[in-house]
Each structure stands twice: as structure tokens, then as C-alpha cells.
Amino acid sequence: MRAWSVAAPGPVERGSLRLVEKPVPVPGADELLVRVRACGVCRTDLHVTEGDLPVRRPGVTPGHEVVGVVAGGGPAVDGFALGDRVGVAWLRRTDGSCPYCARGAENLCPASRYTGWDTDGGYAEYTTVPAPFAYPLPAGVDDVTLAPLLCAGIIGYRALRRAALPPGGRLGLYGFGGSAHLCAQVALAEGATVHVLTRGAAARRLALDLGAASARDAYEAPPEPLDSAILFAPVGDLVPVALRALDRGGVLAVAGIHLSDVPPLRYESELFYEKELRSVTSNTRTDGREFLALAARHGVRATTHPYPLSRAGQALADLKAGRFDGAAVLVNDLS
Ligand SMILES: [Zn+2]
Ligand SMILES: [Zn+2]
């Protein structure tokens with residue numbers, strides 16, 4: 001089969017991602033073989049390709065927002081049939097036995113493995129997934145629309161739950177990219193008042209179109225104190241800004257894997273009155289299932305920008321250069 005491979009990590013515009021010939025993967029005992037139909041492009045794929053994340057599998061095929069159909073499986077698989085449409089996401093496997101897994105926090109499992117980093121992902125004709133980590137997908141929504149929900153959507157949802165927004169509460173979103181615009185749709189559907197604080201004029205327009213109550217620059221104060229806030233922009237300077245925007249007892253959740261350094265915090269104006277600062281790490285399968293169900297019920301939609309899978313390198317280069325709005329999705333034109 002044809003698959004994209006990170007030959008030697010480096011700048012994507014210099015060809016670090018190559019289209020190569022690989023054998024069709026052989027699923028393990030509890031794994032599904034999945035024929036890829038569409039795969040979303042996540043910024044983490046760029047980090048894998050350029051070496052910002054350390055190499056875990058030389059020549060890895062990126063991609064962890066896969067929508068495909070079951071094309072085979074190992075002897076221990078049950079609950080799936082050939083032709084079923086499934087989603088493959090970032091969390092590929094956990095040990096299921098450590099103290100974190102035992103208490104339902106499998107996102108913290110030290111033995112966790114990730115799609116498109118530890119194992120080959122969806123920038124290919126075929127990929128594999130352990131059946132217990134595959135998501136059945138709702139009917140009636142097309143592949144391209146579903147793909148970005150599998151990482152950007154699930155992570156945004158976990159961030160929303162970590163931010164502990166009370167029913168009907170006031171939520172601030174700092175940064176408004178792929179994850180935030182999906183998170184905003186869930187919050188609005190659940191009755192929140194959403195204030196978006198971001199620097200891009202186009203993103204502020206999209207926020208207002210989706211139903212945000214206000215959209216301002218990230219360093220401006222929102223029009224009212226916030227019960228909860230989520231920092232999607234990877235900018236540590238915004239941590240004290242967002243903490244100051246919280247009401248008493250408010251919670252700030254930091255959604256990103258990477259964050260520039262956080263400046264010193266002033267205890268009295270930024271943390272006192274029981275304000276809380278939390279991080280968000282990956283997600284559990286429960287987050288994924290809850291989010292996909294909510295997304296189907298509320299019609300949560302990503303703004304998508306399709307590319308043929310044969311142009312994955314170009315899609316990553318365009319993502320890096322900020323040449324499109326919304327989420328790029330690769331559509332399999334290789335098979
Ligand atoms: Zn991702
Ligand atoms: Zn574990």
C-alpha cells in the first residue's frame with residue numbers, strides 16, 4: 001500500500017514527509033485492520049513530522065483522526081463486522097492495570113501508546129487499531145465532517161469538562177482554532193454564555209456566527225466575569241490574563257500539550273478567592289464516547305478544508321503557514 005512516512009524529521013516544506021510503499025499492516029490479535037477513507041490533519045502531526053516530538057517509531061506514518069471501514073481483524077476481536085465504519089483517535093492503547101487506569105484516569109497511564117507516533121496512523125491506505133480503542137461512528141454524518149471530531153473535538157470536550165463550567169455558566173475561550181470552535185458548540189448547546197478572546201479577526205467573526213456573546217482580543221477583559229475559562233492558545237502570558245478574568249471560585253483549564261512559560265502569578269489578584277488553574281492531558285475513551293454522542297445530538301460541525309491524501313505534505317505545509325481556516329481533512333485518493 002502507499003503511505004506517508006516521516007523519513008527524517010525536519011521542516012515539512014523540505015520534504016520530511018515522503019509518500020512510500022509499505023506492506024499492508026497485519027492486525028494484532030485484538031486489533032482491527034481499517035481501510036482509511038478520511039484522516040484529519042492535526043497540529044500534532046506537524047510536531048511528529050518536524051521532530052518537535054521525539055521520534056518513537058522511525059519512518060512513522062502520522063495521522064490520528066481516522067475515519068475508515070473495518071477490512072479485517074485478529075482472532076480476539078469481537079463487536080465489529082467487516083465494513084463497519086469506525087474512528088481511530090490519538091489514544092491507541094493503555095495497560096489497563098496501573099493505578100491511573102484502575103481509577104478511570106487512563107489518560108494519565110504511563111504506558112499509554114499513541115496513533116501516528118508510537119504506531120503507524122492514518123496518512124495511508126490502511127491502518128490498524130486495537131478494537132477496544134476504536135470508536136463506532138454515528139450514521140448520517142459524512143467522513144470529512146467526522147474526522148476532526150476525533151482529536152480536536154474530543155480534546156476540546158475534555159477541556160470543557162476540566163473547566164467545570166456550572167449549568168448556564170459564563171465561559172471564556174482564549175484562542176479559537178479547531179478544538180475551541182468545536183468546544184464552543186457543545187458549551188452553547190448546553191446553555192452556556194460563551195465569550196471568545198482571540199487575536200484573529202476571522203476567528204472572532206466565526207465565534208460570533210456560532211453564537212458567542214462577545215469576541216474580543218485575547219488581552220482584553222471579557223464583558224463580564226467568567227465562571228470558567230479554557231486556554232487553547234499555547235501562550236503562557238495569557239494564564240494570568242485569564243485568571244484575572246475569572247469570578248471568585250472560577251476555574252481555568254489549559255488545553256494544550258505545549259505552553260510557553262507562565263509568568264510569575266500574583267496571588268491576590270490571580271489565585272485568591274479559590275480560583276483554580278488546571279491542565280488537560282490527552283483524553284479517556286469515556287470522553288471520546290460522550291463527546292461523539294453529544295456531537296451527533298447537537299449537530300456539532302467542524303469547518304473543514306479537504307485535501308486529497310496524495311497531497312498530505314502540502315496540507316501540513318499549509319497548516320504550518322496558516323494558509324487555510326478550519327480543519328484540513330485528507331480524503332483517500334490512493335485506493
Ligand atoms: Zn491531534
Ligand atoms: Zn495504565
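Just so you know, the residues in each chain are numbered from 1, in the order the chain's sequence is written. Working convention: letters from A go to chains and numbers from 1 go to ligands, in the order in which they are written. Whole-chain, interface and lining totals are the exception, using all residues; otherwise, since this is a predicted model, local features are given only for residues with pLDDT of at least 70 and side-chain atom pairs are given and counted only at 80 or more. Based on all heavy atoms of the structure, the side-chain values leave hydrogens and waters out of the count.

1. A few points about the pattern of salt bridges
Thought 1: Salt bridges are counted wherever a side-chain nitrogen of Lys or Arg sits within 4 Å of a carboxyl oxygen of Asp or Glu. Taken as a whole and judged by the stated rule, the model has 19 salt bridges.
Thought 2: One salt bridge connects Glu-50 with Lys-320, and the closest N-O pair in it is separated by 2.9 Å. With Glu-50 in helix H1 (residues 43–50) and Lys-320 in helix H10 (residues 312–321), this residue pair connects regions lying 270 residues apart in the sequence.
Thought 3: By relative accessible area, Glu-50 is classed as buried at 18%.
Thought 4: Note on exposure labels: buried denotes an accessible area under 20% of the residue type's maximum, exposed denotes more than 50%, and partly exposed covers the range between, all computed with a 1.4 Å probe on protein chains only. Of the residues examined, Lys-320 reaches a relative accessible area of 36% and is grouped as partly exposed.
Thought 5: Its salt-bridge partner being Arg-266, residue Glu-270 comes within 3.5 Å of it at the nearest N-O pair. Counting from the N terminus, the helices are DSSP H or I runs at least four residues long and the strands are E runs at least two residues long.

2. As for the sheet that holds strand E13 (residues 226–231)
Thought 1: Read across the open sheet, the six strands follow the order E12-E11-E10-E13-E14-E15; overall the sheet is parallel. Of all strands in the sheet, those with a lone pairing partner are strand E12 (214–216) and strand E15 (276–279), marking the two edges. Each adjacent strand pair in this sheet contributes to an overall mean axis angle of 20°, direction not counted.
Thought 2: Most of the contacts of helix H6 (residues 201–210) go to E12, to which it runs at about 170°, and overall it touches strand E11 (193–197) and E12.
Thought 3: Here, two residues are considered to be in contact whenever any of their heavy atoms come within 4.5 Å of each other. Geometry is summarised by axes, namely lines fitted to C-alpha atoms with helices restricted to the contacting stretch, and by angles between N-to-C directions that run from 0 to 180 degrees. On the sheet, helix H7 (residues 238–245) packs against strand E10 (170–174), E13, strand E14 (246–254) and E15 and is oriented at approximately 145° with respect to E14. Being paired, for any two strands, means DSSP has found at least two bridges between them.

3. Examining the domain arrangement of the protein chain
Thought 1: These domain limits were set by an automatic method or by a database of domain assignments. Entries for the protein chain in the domain assignment read domain 1 (2–137 + 303–331) and domain 2 (154–279).
Thought 2: As used here, buried area is the combined drop in accessible area, with a 1.4 Å probe, of two parts when they are placed together. Note on domain 1 versus domain 2: buried area summed over both sides is about 510 Å², and carbon and sulfur give 60% of it.
Thought 3: Viewed at the interface, domain 2 and domain 1 are joined by zero salt bridges.
Thought 4: Identification of polar contacts relies on pairs of N or O atoms within 3.5 Å, with a donor-acceptor requirement for protein atoms, meaning one able to donate a hydrogen and the other able to accept it, and with residues adjacent in sequence counted only if both atoms are side-chain atoms. Counting every contact that joins domain 1 to domain 2 gives one residue pair in polar contact (both at pLDDT 80 or more).
Thought 5: Under the scheme applied here, ten amino acids are nonpolar (Ala, Val, Leu, Ile, Met, Phe, Trp, Tyr, Cys and Pro), four are charged (Asp, Glu, Lys and Arg), and all others, including Gly, are polar. In terms of residue class, the side of domain 1 that touches domain 2 is made up of one nonpolar, three polar and no charged.

4. Quick word on H10
Thought 1: Here H10 lies mainly inside the structure; seven of its 10 residues are buried.
Thought 2: Every buried residue belonging to H10 is among Ala-312, Gly-313, Ala-315, Leu-316, Ala-317, Asp-318 and Leu-319, and all of these are buried.
Thought 3: Contacts made by the buried residues of H10 are with strand E1 (2–6), strand E2 (17–21), H1, strand E16 (304–308) and strand E17 (327–331).
Thought 4: In the stretch just after H10, Gly-322 is the one whose phi turns positive, near 65°.

5. Focus: the coordination of the zinc ion (ligand 1)
Thought 1: Distances from the zinc ion (ligand 1) to its protein donors, namely Cys-42 (SG), His-64 (NE2) and Cys-151 (SG), fall within the range 2.0 to 2.2 Å.
Thought 2: For the zinc ion (ligand 1), the single-chain donor residues occur in sequence as C-x21-H-x86-C. Of this pair, Cys-42 sits in the loop between strand E3 (31–40) and H1 while Cys-151 sits in the loop between helix H3 (143–146) and helix H4 (152–162), placing them 109 residues apart in sequence. For the pair shown, Cys-42 and Cys-151 are each scored as buried. Any nitrogen, oxygen or sulfur atom within 2.8 Å of a metal ion counts as a donor, with the limit raised to 3.2 Å for Na, K and Ca, and since water is left out, coordination shells can look unfinished.

6. Observations concerning the coordination of the zinc ion (ligand 2)
Thought 1: Around the zinc ion (ligand 2), the protein supplies Asp-95 (OD), Cys-98 (SG), Cys-101 (SG) and Cys-109 (SG) as donor atoms, at distances of 2.0 to 2.3 Å.
Thought 2: Taken together, the four donor atoms coordinating the zinc ion (ligand 2) and their angles of 96 to 118° define a geometry best described as tetrahedral. Geometry is assigned from donor-metal-donor angles: four donors are tetrahedral when every angle falls between 85 and 135 degrees, four are square planar and six octahedral when opposite donors sit over 155 degrees apart with all other angles between 65 and 115, and any other arrangement is irregular.

7. A look at the nonpolar core
Thought 1: We call a set of buried residues a nonpolar core when its members are Ala, Val, Leu, Ile, Met, Phe, Trp, Tyr or Cys and they connect through side-chain atoms within 4.5 Å of each other. Core analysis: the largest hydrophobic core is formed by 44 residues, its most contacted members being Leu-149, Leu-173, Phe-176, Ile-230, Phe-232 and Phe-291.
Thought 2: At the level of elements, H3, H4, E10, helix H5 (178–189), E11, H6 and helix H9 (285–298) are the ones that each hand at least two residues to this core.
Thought 3: Broken down by element, this core gets its largest block of residues, six residues, from H5.
Thought 4: Setting aside anything within four residues of it in sequence, one finds Ile-230 in contact with Ala-159, Leu-160, Ala-163, Leu-171, Gly-172, Leu-173, Tyr-174, Cys-183, Leu-252, Ala-253 and Ala-255.
Thought 5: Val-41, Val-60, Val-66 and Ala-312 belong to the second largest nonpolar core, which has 38 residues in total.

8. Things to note about the pairing of strand E5 (residues 85–88)
Thought 1: Across the two faces of E5 the burial is the same, with Arg-85 and Gly-87 and Val-86 and Val-88 all buried.
Thought 2: Where strand E4 (residues 66–73) meets E5, four bridges bridge the pair, whose relative direction is antiparallel. Across the sheet, residue Val-66 finds its bridge partner in E5, namely Val-88.
Thought 3: The sheet contact formed by E5 and strand E9 (residues 135–136) spans two bridges and is antiparallel. Bridge pairing links Val-86 to Pro-136 in E9.

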